[in-house]
Amino acid sequence: MPKQTIESVDVAGKRVLVRVDFNVPIDGGAITFDRRITGALPTIHSIIDRGGRAILMAHLGRPEGKGLEEQLSLRPIAKRLSELLGKPVAFPSNDCTDDAAKAAIDAMQDGGVVLLENLRFHEGEKAGDPDFAARLASYGDIYVNDAFGTCHRTDASMVALPKAMAGKPRVVGFLVEKEIRFLHDAVTNPAKPFVVVVGGAKVSDKIGAIQRLLPQADQVVVGGAMAYTFLKALGQEVGDSRIEPDKIDIAKKIIDQAAKLGAQLHLPVDHVCSTEFAEHSGDIEVFGDKIKPGFMGLDIGPNTQGIFAGVIAKARTVVWNGPMGVFEWPAFSVGTQSVARAMAEATARGATTIVGGGDSAAAVEKFGVADKLSHVSTGGGASLAMLEGIPFEAVDLLDNA
Ligand code: ADP
Ligand code: MG
């Protein structure tokens, strides 16, 4: 069901409570990667440029829920946001519900921005506590969910808060709207051929998504460590590659399901292998369908790269979750890079290309193609959950378009 967006609400003079996803990596007080902050800018601008008052709520990390933990304070984010917006961002206190927070909100002018301190400094946030949510609800006239990375959760600011604001406008921001459009709508009714590319660390993480997407898929491409559980299921020699012995049966089942549904399954035909799971040590060798004992597959090989790129080249929709190898180490990054490049080329030819998953998003960012794809999800767990088709209460309860 399409959701009402912030665009459709009259925000002038109104206090707009916006749940954003500012869960960014911070190292010694410095923000090392700010895509999640820049991702929220369109929604914030839509509010303040039309004379609304933006009250931003977010969490960072996993504090204990017993008050301020200095290293998880959102203060550095207020500073960065202020630079990005070119205007002051009030950061009133180290408790999102204290008198100073309330006073700052009461003192807001139209077009102003307040960032409240880490919601998870209150244990009520993770617990979904309605009393905590009621205090936040008293701050606002309108509720906006633009925190895609948390949408699969039932934290107080995601569920109890919009519930407490029933009767007032409750809408999605542009970021969440876009995530739904790609991770749900585009893969539910994809332009064909539809290619699903999966990889990454474990089969067990991706089973739900594979099974959900299989009925729509024309081609399923499998790489990364999870490919070895599939190859093992087919009786191939995988050497010392990382397999999940207890998932061999489910891999067999997926292979059968794909055949029944007429989806063509592509597994790696060659592998870049090493004698050690390490960046710099170990002997590296490429094997075909028989990996020698003592070697483990850490990337797809050159023939596989060509095959996978060829499949992606013919697609009109591609969704990709999970790297093809240990892309963090240059010696095993080429496979992931070649898929990333094939996705960018497909996009240039008019295909819809979607990347979900935290490490996959980091990979396309690292290889410089993130801006050449239709959509790179900002959510890790949330993007996988949405690809699995799991309903999100935090989204379902918002106003329908
Ligand atoms: P995402 O976060 O995009 O969903 P995953 O978390 O499932 O992806 O997997 C990413 C991790 O999988 C990366 O850290 C990568 O190094 C690892 N990986 C990929 N291929 C292999 C492999 N062949 N052997 C071991 N680890 C691998
Ligand atoms: Mg991951």
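- Naming follows an unreviewed UniProt entry, where the protein appears as phosphoglycerate kinase of hydrothermal vent metagenome.
- Here is the UniProt Catalytic activity (unreviewed entry) comment for the protein, exactly as written: "(2R)-3-phosphoglycerate + ATP = (2R)-3-phospho-glyceroyl phosphate + ADP".
- As stated in UniProt under Subunit (unreviewed entry), the record for the protein gives "Monomer."

1. Thoughts on the site of ligand 1
So, point 1. Taken together, 19 residues lie around ligand 1, and Lys-206, Gly-297, Glu-328, Asp-359 and Ser-360 are the ones closest in.
So, point 2. At 2.8 Å, a side-chain N or O of Lys-206 approaches an oxygen atom of ligand 1.
So, point 3. When the free accessible area of ligand 1 is taken as 580 Å², the share hidden by the protein chains comes to 86%.
So, point 4. Tallying contributions element by element places helix 13 (residues 358-366) first for the shell around ligand 1, with 3 residues.

2. Describing the environment of Val-144
So, point 1. Turning to its location among the elements, Val-144 is positioned in strand 6 (residues 142-146).
So, point 2. For the pair Val-144 and Val-171, spaced 27 residues apart in sequence, the C-alpha to C-alpha distance is 5.0 Å.
So, point 3. Among residues more than four places away in sequence, those in contact with Val-144 are Ile-6, Val-16, Leu-17, Val-18, Arg-19, Thr-43, Val-171, Val-172 and Gly-173.

3. Section: the pairing of strand 4 (residues 53-57)
So, point 1. Across the 5 residues of strand 4, 5 count as buried, placing the element largely inside the fold.
So, point 2. Bridging between strand 1 (residues 15-20) and strand 4 involves 5 bridges; their strand directions are parallel. Considered in strand 4, the bridge of Arg-19 is made with Met-57.

4. Considerations on the pattern of salt bridges
Side chains that differ in charge, positive against negative, can pair when their charged atoms come close.
So, point 1. Within the structure shown, the criterion is met by 18 salt bridges.
So, point 2. A salt bridge links Asp-21 to Arg-36; the nearest nitrogen and oxygen atoms lie 3.2 Å apart. Residue Asp-21 is located in the loop between strand 1 and strand 2 (26-27), and its partner Arg-36 is located in helix 1 (residues 35-48); the two are separated by 15 residues in the primary sequence.
So, point 3. Under the relative-accessibility criterion, Arg-36 is labelled partly exposed at 22%.

Reading the values: the criteria
Residues numbered from 1 in each chain as written. Chains lettered and ligands numbered in written order. Predicted model: local features only at pLDDT ≥ 70, side-chain atom pairs only at ≥ 80, totals over all residues. Heavy atoms only, no water. UniProt positions renumbered as here; feature names shortened; annotations may be inferred. Near = heavy atom within 4 Å. Polar contact = N/O pair within 3.5 Å; in protein donor to acceptor, adjacent residues only side chain to side chain. Areas by Shrake-Rupley, 256 points an atom, 1.4 Å probe, with all protein chains shown as cover. Helix = DSSP H or I, 4+ residues; strand = E, 2+ residues; numbered from the N terminus. Contact = heavy atoms within 4.5 Å. Buried < 20%, exposed > 50% of the residue type's maximum accessible area, 1.4 Å probe, protein only. Pairing = 2+ DSSP bridges. Salt bridge = Lys/Arg side-chain N within 4 Å of Asp/Glu carboxyl O.

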